Amino acid sequence: MHGLFRSELSSVSKELPTIVVLASGNGSNFQVLAEKSISGELRANLKALIVDRPCGAVERAKKLGIEVEMLSKPWHEDLERVLDTLKPDLIVLAGFMKIIPERIVNKYFPRIVNIHPSLLPAFPGKDAIKQAFDYGVKVTGITIHFVDAGVDTGPIIFQKAIEIEEGWDLETLESKIHELEHESYWKVVSNLLYKAYKIEGRKVRSC
Ligand code: GAR
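In what follows, the accompanying structure is described. (Residues numbered from 1 in each chain as written. Predicted model: local features only at pLDDT ≥ 70, side-chain atom pairs only at ≥ 80, totals over all residues. Heavy atoms only, no water.)

## Looking at helix 2 (residues 56–64)
By the burial criterion, the buried members of helix 2 are A57, V58 and A61. Along the axis of helix 2, the buried residues cluster in a sector spanning 100°; they form a single face. Turned more than 90 degrees away from the buried face of helix 2, the exposed residues are K62 and K63. Where helix 2 is buried, its residues contact strand 1 (18–23), helix 1 (28–39), strand 2 (45–51) and strand 3 (68–70). Looking at the residues trailing helix 2, positive phi occurs at G65, about 70°. (Buried < 20%, exposed > 50% of the residue type's maximum accessible area, 1.4 Å probe, protein only. Helix = DSSP H or I, 4+ residues; strand = E, 2+ residues; numbered from the N terminus. Arc of directions from axis to C-beta. Contact = heavy atoms within 4.5 Å.)

## Describing the packing of aromatic side chains
On inspection of all chains with the given rule, the structure shows four aromatic pairs. Where W75 meets F96, the ring centres are 5.8 Å apart and the plane angle is 70°; that geometry is what we call edge-to-face. Separated by 21 residues along the polypeptide, W75 in helix 3 (residues 75–86) and F96 in the loop between strand 4 (90–93) and helix 4 (102–108) bring together distant segments of the chain. One exposure class covers both W75 and F96, and it is buried. Stacked on the ring of Y194, the Lys or Arg R43 has its end atom at 4.1 Å from the ring centre. (Phe/Tyr/Trp six-rings, centres within 6.5 Å; stacked < 30°, edge-to-face > 60°. Lys NZ or Arg CZ within 6 Å of the ring centre and 35° of its normal.)

## Here's the deal with the site of the ligand
Around the ligand, 14 residues are found, and the nearest of them are G27, S28, N29, H116 and E181. Note that an oxygen atom of the ligand is positioned 2.7 Å from one of the backbone N or O atoms of G27. Contributing elements (two or more residues each) for the shell around the ligand: helix 1, strand 5 (112–116) and helix 6 (170–194). Tallied by class, residues from the shell around the ligand come to three nonpolar, nine polar and two charged. (Near = heavy atom within 4 Å. Polar contact = N/O pair within 3.5 Å; in protein donor to acceptor, adjacent residues only side chain to side chain. Nonpolar A, V, L, I, M, F, W, Y, C, P; charged D, E, K, R; others polar.)

## Some remarks on helix 3
For helix 3, spanning 12 residues, the distance from its first C-alpha to its last is 16 Å, which sits close to the expected 16 Å at 1.5 Å a residue. Looking at helix 3, one finds that the buried residues are W75, D78, L79, E80, V82, L83 and L86. Tucked inside the fold, the buried residues of helix 3 contact strand 1, strand 2, strand 3, strand 4 and helix 4. Taken from the residues just after helix 3, K87 is the one with a positive phi, measuring 45°. (Expected span 1.5 Å × (residues − 1).)

## Points about the nonpolar core
One finds I19, L33, V92, Y185 and V189 to be the most contacted residues of the largest nonpolar core, which totals 40 residues. Setting aside residues no more than four positions away along its own chain, V92 makes contact with I19, V20, V21, L22, L33, V113, Y185 and V189. Of all hydrophobic cores here, the second largest spans 19 residues; its members include I50, W75, I91 and V147. (Core = buried A, V, L, I, M, F, W, Y, C linked by side-chain atoms within 4.5 Å.)

## Details of the side chain of S184
Looking at the element boundaries, S184 is found in helix 6. Polar contacts involving the side chain of S184 include one to the main-chain carbonyl oxygen of L180, which spans 2.7 Å.

## Quick look at unusual backbone geometry
Here the amide bond leading from K73 into P74 is cis, since omega sits at -10°, within 30 degrees of zero. Mapped onto the secondary structure, P74 falls in the loop between strand 3 and helix 3. Put simply, L120 and P121 share a cis peptide bond, and its omega is 15°. Here P121 is to be found in the loop between strand 5 and helix 5 (128–135). Unlike most non-glycine residues, D127 shows phi in positive territory, near 50°.

## Re the pairing of strand 6 (residues 139–146)
On a regular strand, one side chain projects to one face of the sheet and the next to the other, so that they alternate. For strand 6, a buried count of seven out of eight residues is recorded, marking the element as mostly surrounded by other parts of the structure. Relative to strand 6, strand 5 runs antiparallel, the two being bridged by four bridges. Each residue of the ladder has a partner; that of V113, found in strand 6, is F146. Here strand 6 pairs with strand 7 (residues 156–163) via seven bridges, running antiparallel. Note on strand 7: the bridge partner recorded for H145 is I156. (Pairing = 2+ DSSP bridges.)

In structure tokens form, the structure reads like this:
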């Protein structure tokens, strides 16, 4: 399977590829994606922030002038409606704390990506930074992956590790992880939009 969202189309269209971001929380990753698209470093049109609850991300979107879609219940039906209306090239999960139903995953695979704050398959699910810290691992990191029907199980696109230094507390580790997420996610999104790749089983390869 090839991931040529726009490189295939660039000769026929000058329009930027479109993305939407889904979030449920603070929204710091959303903010970086929005700022990079506004500055043009990320050549994408961020059409909307989609949230399932009032959260910090909404305030950030308002300040940046990005449209917000607040999902109404049942949220998965509304999500499918919003996605079918906006028709984004890429759906970017950034702290969206709900499991996307299999029906939507299958419809959009491989166009939904997620960022997770551990080196998967270690510490999937909630509170991954704390899980890793409490476990006492010496190395942890971040994973960016395609979303499949499982929880944090999709094919891995990108990982980067951090060595936990003696003396770091949980807060230090959290800030290091977020720093790494902010520096990496928009670049990976850009690569997905503009560079060819193929997915062979669990392996994501550039081509
Ligand atoms: C990020 O650390 C992201 O990796 C994590 O939620 C945080 C959202 O922060 N996602 C998950 O744990 C998904 N399983 P943000 O709202 O400041 O971008």
